[in-house]
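The lines below spell out each chain.
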Amino acid sequence: MTQDTVHIGGRRSKLAVVQSEKVKEMIQDAFEQYNCKLTKTQTLGDQIQFKPLYSFGGKALWTKELEDLLYSSDMDLRLDVVVHSLKDMPTILPDGFELGGITKRVDPSDCLVMALNSPYKSLDDLPKGAVVGTSSVRRSAQLKRRYPDLIFESVRGNIHTRLDKVDDPESRYTCIILATAGLVRMNLDYRITQRFDSKIMYHAVGQGALGLEIRKNDPRMHRILEEICDLETTVCCLAERSLMRTLEGGCSVPIGVETQFNINTKTLTFKAIVIGVEGTEWVEDSERRVLVDLKKDAIECGTILANRMIENGAKKILDNINLNKIK
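Nothing here was measured: the structure is a model prediction, and the numbers come from that model.

All right, on to the overall build of the protein then. Within the protein, the regular secondary structure consists of ten helices and 13 strands. Looking at the protein as a whole, 54% of its 327 residues are labelled buried. Sequence-distant contacts, at least 24 apart, represent 71% of the contacts inside the protein between residues at least 6 apart. Summing over all exposed atoms, the protein offers an accessible surface of approximately 15,200 Å²; the carbon and sulfur share of this is 48%.

The following block contains the structure:
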């Protein structure tokens, strides 16, 4: 059988390569007629490692260079699909691009990682003034609400770099906060000290899932991705992205979510929070509904929940955050 080639693109980081390799494996397992070729590209977000994420740019920092290759005039460079961490994908894509599919989610929670040989086992154990490393405003804002005596400082870099920083005997960090999924995918889950549920921290929109971006209206890639993507994860993530899109939030805005979809009863349970940077004001709400047209109704569910949160003050919180950024 003659094999056709699917050109897959992703970022150069170790985690991104693992994610791209996973998609390659899924496609080749499902379609023996396809051979997959991987392209690794450095994005602007990879190059800027010395500033916290909330201080510059938006989610396009992680996507633009890869999107350009989907329409490259050089057919040797042109990609068919780009693999993103879904949480890094803008909720509104440029003209000519679409979210072609979403893979099965790995644990979407955030987690606590203590330094090696640390005597502490949870955030509750930490002494007043302990330094927690995270560049995510969503994470620090939620933790400030419950742990006002801790200090939160930015920590950038890939997973291994961040682990090295917290493990350094001279480190100012007592611990760091990371996405559970990244550690699981890198076989580093033994470093997890504590996983957070929504009682402590709502996770990011799309966290734990891979978003597969393609050229708009590409029938071959639609057919391929339909075979490898996960319906339950897709329903949850479409609802989450709809909420964020309606709230006009990005990766630097403290919006947290938790979703569950019962595929047997077709019931979606959706909880969300919008919280001020200092953790002193927030709007928290939930929505539960039975879906008929699964994808369409999931998107509508996210919109309804977002609009209710806006009525209850979420938009005011987000506007204040954006105003302070401008200042």
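Looking at the secondary structure, you find I8 in strand β1 (residues 4–11). Between the alpha carbons of I8 and E21 there is a distance of 9.0 Å; along the sequence they are 13 residues apart.

A few words on the layout of surface pockets. Taken as a whole, the second largest pocket encloses approximately 470 Å³ of empty space. What lines the second largest pocket is a set of 20 residues, and nearest its centre among them are L99, G100, G101, T234 and K295. Taken together, the elements giving at least two residues each to the lining of the second largest pocket come down to β4 (97–102), α7 (219–228), α8 (231–247) and α9 (294–311). The element best represented in the lining of the second largest pocket is β4, accounting for six residues.

This paragraph deals with the sheet that holds β1. Ordered in space as β2-β1-β3-β10-β4, the five strands form an open sheet in which the pairing is mixed. Every interior strand has two partners, whereas the edge strands, β2 (34–41) and β4, have only one. Across this sheet, the average inter-strand angle for adjacent strands is 30 degrees, counted without regard to direction. Where β1 and strand β3 (residues 81–85) come together, two bridges link them in parallel fashion. Bridge pairing in β3 places I8 opposite V81. With respect to the sheet, helix α1 (residues 14–30) is in contact with β1, β2, β3 and β10 (210–215), its orientation differing from that of β2 by roughly 170 degrees.

Let's shift gears to helix α4 (residues 137–146). Residue pairs spaced three or four apart in an α-helix point in one direction, given the helix's 3.6 residues per turn. Counting buried positions along α4 gives eight out of ten residues, so the element sits mostly inside the fold. Every buried residue of α4 is accounted for by V137, R138, R139, S140, A141, Q142, L143 and R145. Looking at the buried residues of α4, the elements they touch are β5 (110–114), β7 (151–153), β8 (175–179), β11 (255–262), β12 (267–275) and β13 (282–290). Looking at where α4 begins, the residue whose side-chain oxygen comes 3.3 Å from the main-chain nitrogen of R138 is S136.

Rules used throughout
Residue numbering note: each chain is counted from 1, following its sequence as written. Only residues with pLDDT of at least 70 get local features here, since the model is predicted, and only at 80 or more are side-chain atom pairs given and counted; chain-wide, interface and lining totals rely on the full set of residues. Hydrogens are left out, water is left out, and the side-chain values use all remaining heavy atoms of the structure. What counts as a helix is a DSSP run of H or I of at least four residues, what counts as a strand is a run of E of at least two, and both are numbered from the N terminus. We call a residue buried when its accessible area falls under 20% of the maximum for its residue type, exposed when it is over 50%, and partly exposed in between, using a 1.4 Å probe and counting protein chains only. We call two residues in contact when some of their heavy atoms are within 4.5 Å. Areas reported as accessible are Shrake-Rupley estimates using a 1.4 Å probe. Residue values count occlusion only from the protein chains shown. The way it works is a 1 Å grid over only the protein atoms, where trapped points that fit a 1.4 Å probe form a cavity and open points with protein on both sides within 12 Å along at least five of seven lines form a pocket, and then any residue with an atom within 4 Å of a point lines it. Grid points are joined across faces, edges and corners, and a volume is the space filled by probe spheres set on the points. In this analysis, strands are considered paired if DSSP registers two or more bridges between them. Working convention: axes come from line fits to C-alpha atoms, limited for helices to the stretch in contact. Angles between N-to-C directions cover 0 to 180 degrees. Pairs of N or O atoms within 3.5 Å make up the polar contacts considered here, provided that, within protein, one atom can donate a hydrogen while the other can accept it, and that residues adjacent in sequence are counted only when both atoms are side-chain atoms.

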